[in-house]
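If you want the building blocks of each chain, they are given just below.
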Amino acid sequence: MTTLYEQLQSRLDQGFYGDNLDRITALAEDTYAQTQNPAALFAFARILRLIQTEWPTDIDGDQASVPLDVVASMERQIKPALDAFLADSGRRTLTAEEQLAHMNAMISAYIRWRFADR
């Protein structure tokens, strides 16, 4: 049986695209109430939701394609911090200090990507 963090990692490894990000985020959001310390998991899910708001839509409101270089940039800059959080969380219960460190890393990675000159 796989843990929540293994499930999240498996989905994250499938790549940054709209439907997948939605599935990952929904899984994380459905789990908030089941975790003793939801702060870092909440930050993880919010970052993915913020990425989704960046996703373009076509005239019908459906998700449009994102240029491959933008997706690669997202994955290169943001995914390592998300991976580190999931890996550490899957191994043990994180202390408050460890959660804070992961939240800072994930949020910093998103901010660096979001506000970088693209």
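Here, every reference points to the structure presented above.
Residues numbered from 1 in each chain as written. Predicted model: local features only at pLDDT ≥ 70, side-chain atom pairs only at ≥ 80, totals over all residues. Heavy atoms only, no water.

Engineer: Describe the overall build of the chain, and please don't skip the residues or the numbers.
Structural biologist: The number of helices and strands found in the chain is 5 helices and 0 strands. Starting at the N terminus, the α and β elements of the chain follow one another as α-α-α-α-α. The buried share among the 118 residues of the chain stands at 39%. Of the contacts formed within the chain by residues at least 6 apart in sequence, a portion of 62% connects residues at least 24 apart. (Helix = DSSP H or I, 4+ residues; strand = E, 2+ residues; numbered from the N terminus. Buried < 20%, exposed > 50% of the residue type's maximum accessible area, 1.4 Å probe, protein only. Contact = heavy atoms within 4.5 Å.)

Engineer: Hey, could you go over helix H1 (residues 4-12) for me, with residue numbers and the actual values?
Structural biologist: Side chains that are three or four residues apart share a direction in an α-helix, a result of its 3.6 residues per turn. Three or more residues of H1 are buried, namely Leu4, Tyr5, Leu8, Gln9 and Leu12. Down the axis of H1, the buried side of the element spans an arc of 130 degrees, and every buried residue falls inside it. On its buried face, H1 sits against helix H2 (18-31), helix H3 (39-54) and helix H4 (68-91). (Arc of directions from axis to C-beta.)

Engineer: Give a description of the nonpolar core that names residues and reports values.
Structural biologist: With 31 residues, the main nonpolar core has Leu8, Phe16, Leu41, Phe44, Ile51, Phe85 and Met106 as its most contacted residues. Those elements that place two or more of their residues in this core are H1, H2, H3, H4 and helix H5 (96-114). Among the elements that take part in this core, H3 stands out by supplying 8 residues, more than any other. (Core = buried A, V, L, I, M, F, W, Y, C linked by side-chain atoms within 4.5 Å.)

Engineer: Describe the pattern of salt bridges, and please don't skip the residues or the numbers.
Structural biologist: Applying the stated criterion to the full structure yields 7 salt bridges. Note that Glu29 and Arg46 form a salt bridge whose closest N and O atoms lie 3.3 Å from each other. Placement of the pair is Glu29 in helix H2 and Arg46 in helix H3, with a sequence separation of 17 residues. Judged by its relative accessible area of 24%, Glu29 is partly exposed. Classification of Arg46 as partly exposed rests on a relative accessible area of 35%. Overlapping salt bridges, with partners in common, bring together Asp22, Glu29, Arg46 and Arg49 in one network. (Salt bridge = Lys/Arg side-chain N within 4 Å of Asp/Glu carboxyl O.)

Engineer: Outline H3, listing residues and values.
Structural biologist: Its 16 residues give H3 an end-to-end C-alpha distance of 23 Å, which sits within 8% of 22 Å, the value for a rise of 1.5 Å per residue. Taken as a whole, H3 has its buried residues at Ala40, Leu41, Ala43, Phe44, Ala45, Ile47, Leu48, Ile51 and Gln52. Along its buried surface, H3 packs onto H1, H2, H4 and H5. (Expected span 1.5 Å × (residues − 1).)

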